[in-house]
Amino acid sequence: MSKKPTAKKTHEDAVSTAKTDELAQNREDGYGQFLTTNQGLRINDDQNSLKAGERGPTLLEDFILREKITHFDHERIPERVVHARGVAAHGYFEAYGNNANLSRADFLQAGVQTPVFTRFSTVAGSRGSSDMARDVRGFAVKFYTQEGVFDLVGNNIPVFFIQDAIKFPDFIHAVKPEPHNEIPQAASAHDTFYDFISTNPESMHMLLWAMSDRALPRSLRMMEGFGVHTFRLINTEGKSRFVKFHWKPKLGAHAVAWEEAQQISGKDPDFHRRDLWNCIEMGAYPEWELGVQVVEEEDERKFDFDILDSTKLIPEDLVPVQMLGKMVLNRNVDNYFAETEQVAFHLGHVVPGIDFSNDPLLQGRLFSYTDTQLTRLGGPNFHEIPINRSIAPIHNGQRDGHMRQTINKGQVAYGPNLLNDNFPKQAKLSEGGFNSVHERVEGHKIRLRSKSFVDHYSQAKLFWNSQSDAEKMHIVKALRFDLSHVQKEFVRTRTLVQLSQIDSELVRRVAEGLGVAVPSAEGVQLNLQVGADADAASLQSKPAAGNIGKDSALSMAPTAKINQGKTSIKTRHVAVLATDGANVAAIGDLMKALMDQGAQAAIVATHLGTIKGSDGKELLVDGTFHSTASVLYDAVYVAGGEASVAVLKQNADAVRFVNEAFRHCKPIAASGAGIELLKAAAYPGAEDILNADGVVTSLDAQVGGLAPQFITAIAQHRFWGRELKAMPA
Ligand code: HDD
């Protein structure tokens, strides 16, 4: 058989982990092979079914046709009930030193490298929806440790909408498309969502996060991750401590503008998955540090919120995050369905040294994740699917079920037994056995929310207070957008009443955009949705106090803590606008300067092929004003060259390209005649484009002095202050 032409060196060659090697036995590559049936029979004709005569009916005998069509008929499985749209990649986690004191988990010990598979997702949209929906992002990491699989199934937002898992189906039914007409797709801007939100004040904290820039990440590589619940870490001495898990992205945390997100959904619904895929293919591997906030058991009740309540976070200014190790994603999947779609996460996949808290949301999740796989993946053997297989050996008495792969030998499938010398045997703690934390628990069976869960507004206010002016404006605009799509006035009004409990400025600004006065909270019940016989009055949440202060970890403004010291422009996309007659030499210099810093530059012109420079030199064009758009780039450079700029100024798409980049607060550079295109792109009410923050120009057609300034501007990501001046909310 012939050999594959230039076998592409994949990252798989460079990156081998225990899991990658283990997956190899399931890989298939038909290159150079004969076409066969699923039974290995070589097929002679796959283009024509077996018929009775040239023009006659197809024969039932045609087992080749039947096998092919039958498999096709059954190749879809149910999408995830939530987090249906996702993308994943392989990589590794490497622990730093000094974690032994916190946890006995092997994968957290100094220098240990553990293969991981990480899936990012949106929550509400279906599998074919857009990456850029305003939504929470799932951040689920499967660690294939030597002691079994550990799954950290978190989000990019540290709190949740509800406190008790029993409300999850209600919440999801409210946020998903409405059941009568299945509208809207992947959006919170509709009546049922706000009907739920406004009658469940515990949702108000997360509502603000979901309306903030956190819900519009520029890249999955540029967002934080959170385990959300309080977990426990337990060390070899059996000492247990409460922890909150955090993922901190090496590239900082950045967002796009809401208008931009909506446009990206049309121009490239795969924006995030493409970005992740391409960066891994290029070798620009995304990295996060894993950290924990640690709370000693004796300090469990020292906060003015309950650490078992998932609608609350522990401010990092109170308890800083200590780093345990780093995760690098360095290999794309070979097959989306086999890996990304079939991966099954579960909070209950833990290893010795990690345990749960009594958070009622966490406790309910412990049931849901295995249960859902039974429908989604078709039975109880989903742990045998290659992507889910543990690299630690599996021995137990579980047998049979749909699609069982393991061939369990022997007569015995129970324990204790004498026939097999009592194997497989239970492992002592010293032999790596898992043992639930020895927590003393006693109480009455009771269906009631703890009073310690009742304050719903203080942390919402803390979040609001901690945002920069631009971020506050984004929240206000997002709420105006969403509530403008709500049809029922009383749902809007009730939501405003809820917002009024958080902050008077917030509600005033939102109400202003809706063209209504701030409604009075008088007479409106703001309490939890309590059980029928519960004492509602005792569960009434109070409006947030005035002096809650701020937490430095909650903002993701360019100057915020999460972005401090992150000056790299690696993997940023820069559009270079030019056409025939451009100053090609200057373009070359600028592109080199950007690429030396790890950014990517693409020439966008009026036509594909090449552009001819003023000096006769040619440059290959990457995209046209029709095929691409400014929303797909982080920054724009308008090249000099009289003839080129004269054409671009007359081209509405080129003008709009710069206009949008400016509106979306992106860094913009122009040299020589290129400055004229900037002037043409100014919009009514905007500040002087040439003197705006993040706009760098040089009258000189050469780019020598311009490049370093432009690079500094790109590192800042966005200049949101422009919006505050031009389009205040
Ligand atoms: Fe969940 C999927 C994260 C609450 C029930 N959840 C799912 C995924 C993530 C989260 C990232 C996608 C995993 C993947 O990529 O396959 N979920 C969270 C977080 C929560 C949360 C951070 C709150 C802190 N979830 C939650 C509750 C329940 C569920 C309270 C049910 C009681 N979640 C599910 C599920 C899913 C799921 C139905 C759908 C697909 C799956 O599990 O495998 O079981």
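Residues numbered from 1 in each chain as written. Predicted model: local features only at pLDDT ≥ 70, side-chain atom pairs only at ≥ 80, totals over all residues.

Undergrad: When you look at the overall build of the chain in this model, what are you seeing that I'm missing?
TA: When its secondary structure is counted, the chain shows 20 helices and 18 strands. If one aligns the C-alpha atoms of the chain with their principal axes, the spans along those axes are about 90 × 80 × 60 Å. Every one of the 729 residues in the chain was classed for burial, and the buried ones make up 44%. Put simply, of all contacts in the chain between residues at least 6 apart along the chain, 74% involve residues at least 24 apart. (Helix = DSSP H or I, 4+ residues; strand = E, 2+ residues; numbered from the N terminus. Buried ≥ 20, exposed ≤ 12 C-beta atoms within 10 Å, placed from the backbone. Contact = placed C-beta atoms within 7 Å.)

Undergrad: How should the sheet that holds strand β17 (residues 668-671) be read in this particular structure?
TA: Think of a sheet as strands paired side by side through backbone hydrogen bonds, with each pair either parallel or antiparallel. Pairing in this open sheet of six strands is parallel, and the strands run β15-β12-β11-β16-β17-β18 from one edge to the other. The open sheet has two edge strands with one neighbour each: β15 (623-624) and β18 (695-698). As paired elements, strand β12 (residues 600-605) and β15 share two bridges and run parallel to each other. Looking at β15, one finds that valine 604 is bridged to glycine 623. (Pairing = 2+ DSSP bridges.)

Undergrad: Explanation requested: the site of the ligand in the structure shown.
TA: Taken together, 27 residues lie around the ligand, and Arg80, His83, Arg119, Gly138 and Val228 are the ones closest in. The set of elements that each furnish at least two residues to the shell around the ligand consists of β2 (113-122), β3 (137-145), β4 (148-155) and α10 (360-376). Counting residues per element, the shell around the ligand draws most heavily on α10, at six residues. Each residue belonging to the shell around the ligand can be placed in one class, and the counts come to 13 nonpolar, eleven polar and three charged. (Near = placed C-beta within 6 Å. Nonpolar A, V, L, I, M, F, W, Y, C, P; charged D, E, K, R; others polar.)

Undergrad: Help me understand the domain arrangement of the chain, please; the structure alone is not making it clear to me.
TA: A common way to state how big an interface is: give the accessible area lost once the parts meet. Along its sequence, the chain is carved into domain 1 (86-167 + 206-388) and domain 2 (567-726). Put simply, the middle of domain 1 and the middle of domain 2, counted by C-alpha atoms, are 37 Å apart. The interface is formed by ten residues belonging to domain 1 together with ten residues belonging to domain 2. For the side of domain 1 that touches domain 2, the residue count by class is five nonpolar, two polar and three charged. (Domains from an automatic or database assignment.)

Undergrad: Even after reading the chapter, I still don't get the environment of histidine 190, so can you show me in this structure?
TA: Here histidine 190 shows up in the loop between α4 (168-175) and α5 (191-199). Ignoring any residue separated from it by four or fewer positions in sequence, one finds histidine 190 in contact with Glu178, Pro184, His485 and Val486.

Undergrad: Can you walk me through the nonpolar core in this structure?
TA: Across soluble globular proteins, nonpolar side chains show a tendency to be buried alongside one another. Among the nonpolar cores identified, the biggest contains 125 residues, and Leu208 and Val510 are the most heavily contacted of them. Residue contributions to this core reach at least three from each of two domains, namely domain 1 (86-167 + 206-388) and domain 2 (567-726). Residues within four places of leucine 208 in sequence aside, it is in contact with Ala460, Phe463, Trp464 and Ile475. (Core = buried A, V, L, I, M, F, W, Y, C linked by C-beta atoms within 7 Å.)

Undergrad: Please clarify how the confidence of the model for the chain should be interpreted in this entry.
TA: Low pLDDT means the predicted atomic positions in that stretch should not be read closely. Confidence along the chain averages 94 in pLDDT terms, with 97% of residues attaining 70 or more. Scored below 50 in pLDDT, residues 5-14 shows five contacts in the model against residues more than four places distant or in partner chains. Of the two predicted TM-score estimates for the complex, the pTM is 0.96 and the ipTM is 0.99. (pLDDT = per-residue confidence, 0-100.)

Undergrad: What is the right way to read unusual backbone geometry from this model?
TA: Trans peptide bonds make up the majority, and among non-glycine residues the majority have a negative phi. With an omega of -5 degrees, the peptide bond running from glycine 415 to proline 416 counts as cis. Structurally, proline 416 can be placed in the loop between α10 and α11 (458-466). In this model, phenylalanine 423 is joined to proline 424 through a cis peptide bond whose omega is -10 degrees. Mapped onto the fold, proline 424 is located in the loop between α10 and α11. Positive phi, normally seen in glycine, also occurs at alanine 186, with a value near 50 degrees. If you trace the backbone, alanine 186 turns up in the loop between α4 and α5. Unlike most non-glycine residues, threonine 571 shows phi in positive territory, near 70 degrees.

Undergrad: What is the right way to read the UniProt feature "domain: Catalase core" (unreviewed entry) in the chain from this model?
TA: With numbering aligned to this structure, UniProt lists the feature "domain: Catalase core" (unreviewed entry) at residues 36-423. Counted over residues 36-423, helix gives 21% and strand 20%. Its end C-alpha atoms are 42 Å apart. (UniProt positions renumbered as here; feature names shortened; annotations may be inferred.)

Undergrad: Explain the pairing of strand β8 (residues 287-296) to me, please; I cannot follow it from the model alone.
TA: Looking down a regular strand, the side chains alternate between one sheet face and the other. Alignment of strand β7 (residues 240-249) against β8, held across nine bridges, turns out to be antiparallel. Across the sheet, the residue bridging to valine 243 is valine 294, located in β8. Examined bridge by bridge, β8 and strand β9 (residues 322-332) share six bridges and lie antiparallel to one another. Across the sheet, residue tryptophan 288 finds its bridge partner in β9, namely methionine 327.

Undergrad: Just checking my understanding: could you explain α11 for this structure?
TA: An α-helical segment advances 3.6 residues per turn. Residues three or four places apart therefore align on the same side. In terms of burial, α11 is a largely internal element, eight of the nine residues being buried. Taken residue by residue, α11 has Ser458, Gln459, Ala460, Lys461, Leu462, Phe463, Trp464 and Ser466 as its buried positions. Elements in contact with the buried residues of α11: α6 (204-210), α12 (469-484) and α14 (504-514).

Undergrad: Help me out: how do you make sense of the environment of lysine 326 in this one?
TA: Within the secondary structure, lysine 326 sits in strand β9. The partly exposed category is assigned to lysine 326, around which 19 C-beta atoms lie within 10 Å. Linking lysine 326 and tyrosine 96, residues 230 residues apart in sequence, is a C-alpha distance of 7.7 Å. When neighbours within four sequence positions are excluded, lysine 326 is seen to be in contact with Glu94, Glu287, Trp288, Glu289 and Leu290.

Undergrad: So what exactly am I meant to see when it comes to the environment of glutamate 341 here?
TA: Of note, glutamate 341 is situated in helix α9 (residues 336-341). The exposure class assigned to glutamate 341 is buried, which follows from the 20 C-beta atoms found within 10 Å.

Undergrad: Mind showing me how you'd approach helix α15 (residues 584-596) here?
TA: Taking 1.5 Å per residue as the helical rise, α15 with its 13 residues ought to reach 18 Å, and the 18 Å between its terminal C-alpha atoms agrees with that figure. Restricting attention to buried positions, one finds in α15 the residues Val584, Ala586, Ile587, Leu590, Met591 and Leu594. Down the axis of α15, the sector holding all buried residues measures 155 degrees, keeping them to one side. Close packing links the buried residues of α15 with β11 (573-577), β12, β14 (618-620), β16 (635-638), β17 and α19 (706-715). Looking one or two residues past α15, glycine 598 carries a phi angle of roughly 90 degrees, positive in sign. (Expected span 1.5 Å × (residues − 1). Arc of directions from axis to C-beta.)

Undergrad: Help me understand the packing of helix α13 (residues 489-500) against α14 in this model?
TA: To characterise two packed helices, one gives the angle between the axes of the helices and the distance between these axes. Where α13 contacts α14, the two axes come as close as 8 Å, and the packing angle between them is 155 degrees. With respect to each other, α13 and α14 are oriented roughly antiparallel. Of α14, the residues touching α13 (which contributes Arg492, Leu496, Leu499 and Ser500) are Ser504, Leu506, Val507, Val510, Ala511 and Leu514. Of the residues belonging to the contact of α13 with α14, the class tally is seven nonpolar, two polar and one charged. (Axes fitted to C-alpha atoms, helices over the stretch in contact; angles between N-to-C directions. Parallel < 35°, antiparallel > 145°, perpendicular 65-115°, else oblique.)

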